[in-house]
Amino acid sequence: MATLILVRHGRSTANTAGLLAGWTPGVGLDERGAEQARALPGRLAGVPLAAAVTSPLQRCRETLEPLVAERPDLPLHTDERIGECHYGDWSNRKLAELAEEPLMKIVQQHPSSAAFPGGESMRAMQARAVDAVRDWNARIEEEHGADAVFLMCSHGDIIKSVVADALGMHLDLFQRIHVDPCSVTAVRYTPTRPFLLRLGDTGDFASLAPRPARAPDPAASETETFEAATEDGGNAVVGGGAGAA
């Protein structure tokens, strides 16, 4: 079966504002995200792609624009099933504020039972994303052969849930996975089992270095990312977070 390259969208304006964007319209890449998108064609230069599939959301479409510009013959498709989780009433709210919601403990520790008010369950999110991957795998293999490679540009929680499925992990463990903006994750599917080839690869290891000590700054609370707000508690970054600057 085909090899899937999963690309998380570049850093967005919601990431840097510490917001859980969800399907909020008008959320595009920030300056750093646009820079990440421009670097993507070079990072994938040696990889022949049979097709690209994108989430319909603006930040994903913008991430693929430089790649499609350099590969004008690359077929580009849109699939709503790999769009962001429908966070419902949580959409466009500050992540530091959502960290205080009782539901966040369920999202972190028992996501298979979590359903967002006015939105969807995390279980449904994973099911639609995995269905999309399986359908596209079959289509790409039928049209281009078992050695074909294709790309999907999606979102942090979607990619984490697909990786969990590929590893045979229960959804309750998927918060142990982290993927940075514009990172590359690769899964090779075979008739018997998938193989995880890359996970969250940005080519930049600066984020692995210890964080410098920070003096308390009351003014920072309005723009602090969820990753920073919860780094001492071991919580996963719902919605993906901003990653390294």
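Residues numbered from 1 in each chain as written. Predicted model: local features only at pLDDT ≥ 70, side-chain atom pairs only at ≥ 80, totals over all residues. Heavy atoms only, no water.

Participant: What should I look at first to understand the pairing of strand β6 (residues 149–154) in this one?
Facilitator: For a regular strand, side chains alternate in direction, first toward one face of the sheet and then toward the other. Most of β6 sits inside the fold, with six of its six residues counted as buried. Residue alternation in β6 divides its side chains into two sets, V149, L151 and C153 and F150, M152 and S154, and both sets are buried. Where strand β1 (residues 3–8) meets β6, six bridges bridge the pair, whose relative direction is parallel. Considered in β6, the bridge of I5 is made with L151. When strand β3 (residues 51–54) meets β6, the two strands line up parallel, connected through four bridges. (Buried < 20%, exposed > 50% of the residue type's maximum accessible area, 1.4 Å probe, protein only. Helix = DSSP H or I, 4+ residues; strand = E, 2+ residues; numbered from the N terminus. Pairing = 2+ DSSP bridges.)

Participant: Even after reading the chapter, I still don't get the packing of aromatic side chains, so can you show me in this structure?
Facilitator: In this description, a pair of aromatic rings is defined by centroid distance and the angle of the planes. For the coordinates displayed, the defined rule picks out two aromatic pairs. Ring geometry for Y87 against F116: centres 5.0 Å apart, planes inclined by 85 degrees, an arrangement best described as edge-to-face. Placement of the pair is Y87 in the loop between β4 (76–78) and β5 (93–94) and F116 in the loop between α5 (102–109) and α6 (122–144), with a sequence separation of 29 residues. Of the two residues, Y87 and F116, neither departs from the other in class, the shared state being buried. Arranged with centres 5.3 Å apart and planes meeting at 65 degrees, the rings of W90 and F116 form a pair that is edge-to-face. Of this pair, W90 sits in the loop between β4 and β5 while F116 sits in the loop between α5 and α6, placing them 26 residues apart in sequence. (Phe/Tyr/Trp six-rings, centres within 6.5 Å; stacked < 30°, edge-to-face > 60°.)

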